[in-house]
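Residue-level structure breakdown
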Amino acid sequence: MSAESPGARDRISRLRRGFRHWRWQRPFWAGLLTLLAGLPIGYLPYANVTLGQLTVRMSTTAGSGSLIIGVLLIVLGLTMWFQPVVRVFAGVATILLGLVSLPVSNFGGFLVGFLLALFGGGMSVAWAPGEAPAAQPAKDAGPAPDGGADGEDGAAGPDGADGGEPEPATAGAAPDQESRNGRHRAG
């Protein structure tokens, strides 16, 4: 008998699938990097580094500016997670705050917070929600199993086409959705 019950395993699996589905619908990694960028930018100006008997204080006159930038980056990271519609605004604001953190808060949290903010903001701007694949029409595999529309093999159907070969996709005068004004979408 195992210590883990099958019900617990199912719940964990269901929670994990639910989290994965939630994560795929938003710029998760951009929000995480932005959250992590706010920590060194907001914390390091108030940190005391002790080297043996020597205490080095990192606080500067711009310490309140560093705290504000750090808190704003954390809020923007949460905004990317819970309001993915405003991801472009949050990404641009993250990049700008990361740039402002260079002169304000000890070179942007010793470049760690600055780089995390740039990557997180760039990922947020570049992220696009995935689209569900559109239902594709079934491809005609050839003649119907009963031998055609008239019941005879190789005989012409009601539209005059013989039942042996399907028409090529490019045949016909009606333009499809992918071609407009002589231009076609690549891919």
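Residues numbered from 1 in each chain as written. Predicted model: local features only at pLDDT ≥ 70, side-chain atom pairs only at ≥ 80, totals over all residues. Heavy atoms only, no water.

**What about the overall build of the chain?**
For the chain, the count of helices and strands is six helices and four strands. Helices and strands in the chain line up, N terminus first, as α-α-β-β-α-α-α-α-β-β. For the chain, the residues scored as buried account for 26% of the 187 residues in total. Sequence separation of 24 or more characterises 64% of the internal contacts of the chain that already satisfy a separation of 6 or more. Working note: accessible area of the chain is about 13500 Å², and carbon and sulfur atoms make up 63% of it. (Helix = DSSP H or I, 4+ residues; strand = E, 2+ residues; numbered from the N terminus. Buried < 20%, exposed > 50% of the residue type's maximum accessible area, 1.4 Å probe, protein only. Contact = heavy atoms within 4.5 Å. Areas by Shrake-Rupley, 256 points an atom, 1.4 Å probe, with all protein chains shown as cover.)

**Focus on unusual backbone geometry**
The residue L111 is not glycine, and still its phi comes out positive at about 65°. Secondary-structure assignment places L111 in the loop between α5 (106-110) and α6 (112-126).

**Considerations on α6**
Here α6 is 15 residues long and its end C-alpha atoms lie 21 Å apart, about the 21 Å a rise of 1.5 Å per residue gives. Restricting attention to buried positions, one finds in α6 the residues G113, F114, A117, G120, G121 and S124. Buried residues of α6, seen end-on, are gathered within an arc of 135° and therefore sit on one face of the element. Those residues of α6 that are exposed and aimed more than 90 degrees away from the buried face are F119 and A126. For α6, the elements touching its buried residues are α2 (28-43), α3 (63-82), α4 (87-104) and α5. (Expected span 1.5 Å × (residues − 1). Arc of directions from axis to C-beta.)

**Observations concerning the side chain of R87**
Within the secondary structure layout, R87 lies in helix α4. Judged by its relative accessible area of 18%, R87 is buried. Only 2.8 Å separates the side chain of R87 from the backbone oxygen of W127, close enough to count as a polar contact. Contacts of R87, omitting those with residues within four sequence positions, involve P27, S124, V125, W127, A128 and P129. (Polar contact = N/O pair within 3.5 Å; in protein donor to acceptor, adjacent residues only side chain to side chain.)

**Considering the nonpolar core**
Grouped together as the largest cluster of nonpolar side chains are 11 residues: A30, A37, I41, I69, L73, L76, M80, A90, A93, L97 and A117. Within the residue set of this core, elements represented by two or more residues are α2, α3 and α4. Top contributing element to this core by residue count: α3, with four residues. Aside from chain neighbours lying at most four places away, what touches A90 is L76 and M80. (Core = buried A, V, L, I, M, F, W, Y, C linked by side-chain atoms within 4.5 Å.)

**Topic: the UniProt feature "transmembrane region" (unreviewed entry) in the chain**
Taken from the UniProt record, the annotation "transmembrane region" (unreviewed entry) applies to residues 27-46 and 58-78. End C-alpha to end C-alpha, residues 27-46 measures 30 Å, and it is 80% helix and 0% strand. (UniProt positions renumbered as here; feature names shortened; annotations may be inferred.)

**As for a nonpolar patch on the surface**
Nonpolar side chains collect at one region of the surface, where W29, F107, L111, L115, F119 and M123 lie side by side and expose about 670 Å² of accessible area between them. At three residues, the largest contribution of residues to the nonpolar patch is made by α6. Along the chain, the position of M123 falls in helix α6. (Patch = residues over 30% accessible without salt bridge, like charges linked within 9 Å, V, L, I, M, F, W, Y side chains within 5 Å. Salt bridge = Lys/Arg side-chain N within 4 Å of Asp/Glu carboxyl O.)

**A short note on the packing of aromatic side chains**
In this structure the tally under the stated criterion is eight aromatic pairs. Judged by centre distance (5.9 Å) and plane angle (50°), the rings of W22 and F82 are tilted. Taken together, the positions of W22 in helix α1 (residues 6-24) and F82 in helix α3 put the pair 60 residues apart, joining distant regions of the chain. Judged by centre distance (5.0 Å) and plane angle (80°), the ring pair of F28 and W29 falls under edge-to-face. An aromatic cluster is defined as three or more aromatic residues linked by ring pairs; in this entry it consists of F19, W22, F28, W29, W81 and F82. (Phe/Tyr/Trp six-rings, centres within 6.5 Å; stacked < 30°, edge-to-face > 60°.)

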